[in-house]
Amino acid sequence: MTAHDLFTPVRLGAFSLRNRMVMAPMTRMRAAPGGVPTADMARYYAQRASAGLIVTEATSISVQGSGCLNAPGIHTDAQRAGWRQVVKEVHEAGGLFFLQLWHMGRISHPSFQAGGALPVAPSAIAPRSGRILTVTGMQDYVAPRALDRKELPHIVAQYVAAAHCALSAGCDGVEIHNANGYLLDQFLRDGTNHRSDEYGGSIANRCRLTIEVAEAVTQACGAGRVGIRFSPSSSFNDMSDTTPLPTFRHVLRELNQLRLAYVHVITASDEDVRHGGVAVPLVTLRRAHHGPMIAANGFDRASATRLLAEGGADAVAFGRLFLANPDLPERFRADAPLNAPDESTFYGGTSAGYTDYPSLGTQPATQP
Ligand SMILES: Cc1cc2nc3c(=O)[nH]c(=O)nc-3n(C[C@H](O)[C@H](O)[C@H](O)COP(=O)(O)O)c2cc1C
């Protein structure tokens, strides 16, 4: 195998990707009021269409699932119309586009909820650290309301409706966001799931909602159009789990029967471990999952190439490098210098730090 393996095609579900470089999902908080995607968002994604696959920023599946200012949604007609224009421009530029389905669960705030209701979660446990940005500024998290067993089919239905909405907007597929401490991750892990019904307690019970959502979304979209993302080693959003390896191994084994387009794993970083995360080896997850796997977190050209050469994953997702380098595949291919990402413009703001990162040949690039 050669260094060009990043540039060989790969099959993920219903699609053949032209290269193995995935644009990782990244929240940019630049949607219009009402969570409506904008012309600038279309431009941003279309600029990055040379990725083998683009996974969008996390996108709220319902009002209940929302909790991030200026993040887009996929549950109203206006949102669908906005996404339709984004997808059209990405497709015209030759890109492949999966939308990330997001229910934030307890990482929300009453100010985002209908009637100022409490956010929902598996159990009434507030995140111990961190605060949330609301229309009136930073606020403490509140203890969420534990979802009643009878409400869980409605949670599954929210994912299905949003997936339908995404496909009807022209998206090629959807990625179920089961990572980073949001609702499905809250169910999976025992730091946040203290339920005593069949959705809590044992590993099989904690994995139940994820599997139900994946099954239902697969039925709605076709398995070849559905991926799912996990962050087994992360403690982000105050997550913890006394049994991370068996939990994630179990859920991946169960998901095998669905033949999803891919499983997307955020690998363990030193920072995760410093913050209390337990490193779950990618190789163990790779063995548990029989279908295509995407790996993400801190990869560069060399480490991604090495991982692919070792067979550690089928594709690699790049976040900050794609954010700052719209033409990342071309730059990797040419071994060209990279633009450095500017953290001050990651979240919210104008087109500065969003659609103005230069491609090769447009403006001189800066070395990171
Ligand atoms: C600005 C920013 C926003 C992010 N938003 C999301 C998101 O919406 N959904 C998600 O699953 N991960 C999100 N992530 C995590 C990235 O997808 C990725 O896992 C992370 O940046 C590590 O990859 P990298 O080192 O290639 O940047 C975000 C990361 C960044 C930097």
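Everything that follows concerns the structure shown earlier in this document.
Conventions we followed
Residues numbered from 1 in each chain as written. Predicted model: local features only at pLDDT ≥ 70, side-chain atom pairs only at ≥ 80, totals over all residues. Heavy atoms only, no water. Helix = DSSP H or I, 4+ residues; strand = E, 2+ residues; numbered from the N terminus. Rg over C-alpha atoms; globule rule 2.2 N^0.38 Å. Buried < 20%, exposed > 50% of the residue type's maximum accessible area, 1.4 Å probe, protein only. Contact = heavy atoms within 4.5 Å. Areas by Shrake-Rupley, 256 points an atom, 1.4 Å probe, with all protein chains shown as cover. Lys, Arg positive; Asp, Glu negative; His and termini not counted. Charge placed at Lys NZ, Arg CZ, Asp CG, Glu CD. Near = heavy atom within 4 Å. Polar contact = N/O pair within 3.5 Å; in protein donor to acceptor, adjacent residues only side chain to side chain. Expected span 1.5 Å × (residues − 1). Pairing = 2+ DSSP bridges. Axes fitted to C-alpha atoms, helices over the stretch in contact; angles between N-to-C directions. Disulfide = S-S within 2.5 Å. 1 Å grid on protein atoms, 1.4 Å probe; cavity = no way out; pocket = protein on both sides within 12 Å on 5 of 7 lines; lining within 4 Å. Points joined across faces, edges and corners; volume = space filled by probe spheres on them. Nonpolar A, V, L, I, M, F, W, Y, C, P; charged D, E, K, R; others polar. Parallel < 35°, antiparallel > 145°, perpendicular 65-115°, else oblique. Left-handed = near helix turned anticlockwise from the far one by under 90°.

Regarding its fold elements, the chain presents 11 helices and 14 strands. Taking 2.2 N^0.38 as the reference for a compact globule, 368 residues should give roughly 21 Å; the C-alpha atoms of the chain span a radius of gyration of 19 Å, in line with that estimate. Its C-alpha atoms put the chain at 55 × 45 × 40 Å along the principal axes. Classification of the 368 residues of the chain by burial places 58% in the buried group. For the chain, the proportion of contacts with a sequence separation of at least 24, taken over those separated by at least 6, is 72%. Of the roughly 14300 Å² of accessible surface on the chain, a fraction of 53% belongs to carbon and sulfur atoms. A distance of 3 Å separates the average location of the 33 positive side-chain charges in the chain from that of its 32 negative side-chain charges.

Another point: the site of the ligand. Around the ligand sit 16 residues in total, of which P25, T27, R229, G298 and R320 are the nearest. One nitrogen or oxygen atom from the side chain of H177 is found 3.3 Å from an oxygen atom belonging to the ligand. N180 is positioned such that a nitrogen or oxygen atom in its side chain is 3.5 Å from a nitrogen atom of the ligand. For the ligand, whose accessible area on its own is 610 Å², the fraction buried by protein is 88%.

A rise of 1.5 Å per residue sets the reference length of helix α2 (residues 77-92), with its 16 residues, at 22 Å; its end C-alpha atoms lie 22 Å apart and thus fit the reference within 8%. In this fold, the buried residues of α2 make contact with α1 (39-47), β4 (53-60) and β5 (97-102). Looking one or two residues beyond α2, the residue adopting positive phi is G94, at roughly 90 degrees.

As a further point, take the sheet that holds strand β10 (residues 173-177). Within the closed barrel, the eight strands sit side by side as β3-β4-β5-β10-β11-β12-β13-β14. Their pairing is parallel. Sheet twist, expressed as the mean angle between neighbouring strand axes with direction ignored, is 25 degrees. Summarising the sheet, strand β11 (residues 226-230) and strand β12 (residues 262-266) pair through four bridges and their orientation is parallel. If you follow I228 over to β12, its bridge partner there is V263. In the packing of helix α9 (residues 301-310) onto the sheet, contacts are made with β13 (293-296) and β14 (315-318), and the angle to β14 comes to roughly 160 degrees.

Disulfide: a covalent bond connecting the sulfur atoms of a pair of cysteines. Under the criterion given, the structure shown has zero disulfides. We note that C171 lacks a disulfide partner, and the nearest cysteine sulfur, in C165, lies 8.9 Å from it. Since its relative accessible area comes to 4%, C171 is described here as buried.

This part takes up the layout of surface pockets. The computed volume of the second largest pocket comes to approximately 280 Å³. The wall of the second largest pocket is formed by 20 residues, among which G34, G35, C68, N70 and A71 lie closest to the centre. Taken together, the residues of the lining of the second largest pocket break down into nine nonpolar, 11 polar and no charged.

The subject of this paragraph is the packing of helix α5 (residues 203-221) against helix α6 (residues 244-255). Taken N-terminus to C-terminus, the directions of α5 and α6 make an angle of 40 degrees; their axes are 10 Å apart at the nearest point. Comparing the axis directions of α5 and α6 gives the class oblique. For the pair α5 and α6, the crossing hand works out as right-handed. Seen from α5, the contacting residues are I203, A204, R206, C207, T210, I211 and A214; seen from α6, they are P246, T247, H250, V251, E254 and L255. Residues of the contact of α5 with α6, tallied by class, amount to eight nonpolar, three polar and two charged.

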